[in-house]
Amino acid sequence: MQFLTPEVLAQIASFLGIDRTTAQKATAGAVPSLLAGLADLVGTPAGSNQLSKLLSQQQAGSPADILRGASPERLAETGTGMLSGLFGAGTMGTMAQAIGKFAGVGDGGGSSLLGILGPIVLGALGQHQRETGLDANGLASLLRSQKDQISAAIPAGLASQLSAAGLIDQAGTGVRSGMAAASAAGSRIASASERASSAYATATKTTQWPYWLAALVVLGGLAWYAFDRPGQQTVAEQTAPARPATTVGMAPTNLTVDGVNLASQVNTTIDSLKSALPSITDATGAQAALPKINAAISQLDDVGTRAAKLTPEGRTALAKLIAAAMPAINQMCDKVMAAPGVGPIAKPAIDDLRAKLDSLARV
């Protein structure tokens, strides 16, 4: 999600005729949903080979370049063709309906969003495949290694809808085989992929984008990897954290301690804060939100205690995860403290919260 900068989100919002907040919410749900579908797709040799072939034909470009390189209608049509060729039109329609309902943009808005994001996701994965020399099996292994984290990054409300539609298995946090089955007809996929790739090549520019997108599921969520993009702003208009010194393509560091996934716990806490803090606009709102803020602080205390049992690599990964979320939280806290009459009520809890986050963000 760090690649979906304010500029890119503004373009997507303009294309869809929605506000930026809605575009960000929709994108935060659509990206992990797409990646979840791809992770399930590569569960079969046919799906793995077809995805690898399609990616090898992509001409990568930055999101802004891709959005500037074609009209919204052409880009959405091209992306929809790609994704329908991979997943099947029925699965794409169901996913679009779920995302449209989740984000409040309707079936058409969900379909257009998926079409616009498809070339971005596939273009970045294709660039990563070329840079690392991954063959079809290597790419499949990469996606499968992150399948649980990808599924866990789908917002709860959207996950419930996708689960009800039979696209994901919430209980097992894994994607059902329906997507793989929909994509198993090899010749149909190959034909659709080639047509979509050809259309994409004429609709986009060729600017290099030497980054990959598997960590998009983190959106502002799971920062399993951090990226090195000097001078680039994140959604919170902050510099993206540097890429950790690990081998690209390796499975994410295990952040589970005593049966508790600390990454999931952190993301749940951050989501709670993102819900509670914006509601504080006056003294009454501050009083109502304090229990949620204090509960988040307690959860962070628990994370800190358990983090002591992580490996050094695990502590580094956890620190980067929290550091990636801090700019947005700090911005919200600043707005809270600037609200009339709120400071005396909220300051102790806000100070405590910031101290906890700052401590956890340091290795």
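This structure is a prediction, so every number in the text was calculated from the model and none was measured.

> For the overall build of the protein chain, give the residues involved together with the corresponding values.
Assigned secondary structure in the protein chain consists of 16 helices and four strands. Residue burial in the protein chain is summarised as follows: out of 363 residues, 52% are buried. Of the roughly 14,300 Å² that the protein chain leaves accessible, carbon and sulfur atoms contribute 52%.

> Quick one: what's the story with the packing of aromatic side chains, residue by residue and with numbers?
In this structure the tally under the stated criterion is zero aromatic pairs. Between the NZ or CZ atom of Lys25 and the centre of the ring of Phe102, over which it lies, the distance is 4.9 Å.

> An account of helix 2 (residues 20-41) is needed here, citing residue identities and associated values.
The end-to-end C-alpha distance of helix 2, which contains 22 residues, comes to 31 Å, matching closely the 32 Å that a straight helix rising 1.5 Å per residue would cover. Counting buried positions along helix 2 gives 18 out of 22 residues, so the element sits mostly inside the fold. The backbone nitrogen of Thr21 lies 3.1 Å from a side-chain oxygen of the residue at the head of helix 2, namely Asp19.

> Can you break down the pattern of salt bridges residue by residue, with the values?
Where charged atoms from two side chains of opposite charge approach closely, those side chains can pair. Within the structure shown, the criterion is met by nine salt bridges. Close ionic contact of Asp301 with Lys356 constitutes a salt bridge, the shortest N to O distance being 3.6 Å. Here the residue Asp301 occupies a position in helix 14 (residues 283-307), and Lys356 occupies one in helix 16 (residues 343-360), the gap between them amounting to 55 residues. Among the residues examined, Asp301 registers a relative accessible area of 35% and is labelled partly exposed. The salt bridge partner of Asp334 is Arg354, with a shortest N-O separation of 2.4 Å. In this pair, Asp334 sits in helix 15 (residues 312-338) while Arg354 sits in helix 16, placing the two residues 20 residues apart along the sequence. The exposure class assigned to Arg354 is partly exposed, which follows from its relative accessible area of 24%. What emerges from the salt-bridge pattern is a single network uniting Asp258, Asp302, Arg306 and Lys309.

Reading the values: the criteria
One numbering rule holds for all chains: residues counted from 1, following each sequence as written. Residues qualify for local features only when their pLDDT is at least 70, as the model is predicted, and side-chain atom pairs are given and counted only at 80 or more; totals for whole chains, interfaces and linings, by contrast, use all residues. For the side-chain quantities, the full set of heavy atoms in the structure was used; hydrogens and water were omitted. Helix numbering and strand numbering both begin at the N terminus, where a helix is a DSSP run of H or I of at least 4 residues and a strand a DSSP run of E of at least 2. In this scheme, a residue with accessible area under 20% of its type's maximum is buried, one over 50% is exposed, and one in between is partly exposed, where area comes from a 1.4 Å probe on protein chains only. Each accessible area value is a Shrake-Rupley result obtained with a 1.4 Å probe; residue values ignore everything except the protein chains displayed when judging cover. Paired rings are identified among Phe, Tyr and Trp, the last through its six-membered ring, by centres lying within 6.5 Å, and are further divided according to the angle between planes into stacked (under 30 degrees), edge-to-face (over 60) and tilted (the rest). Only when the NZ of Lys or the CZ of Arg is both within 6 Å of the ring centre and within 35 degrees of the ring normal is a charge said to sit over the ring. Any helix carries an expected span of 1.5 Å times its number of residues minus one. Counted as a polar contact is a pair of N or O atoms within 3.5 Å, where, for protein atoms, one must be capable of donating a hydrogen and the other of accepting one, and residues adjacent in sequence contribute only when both atoms are in side chains. Salt-bridge detection follows one rule: a side-chain nitrogen of Lys or Arg within 4 Å of a carboxyl oxygen of Asp or Glu.

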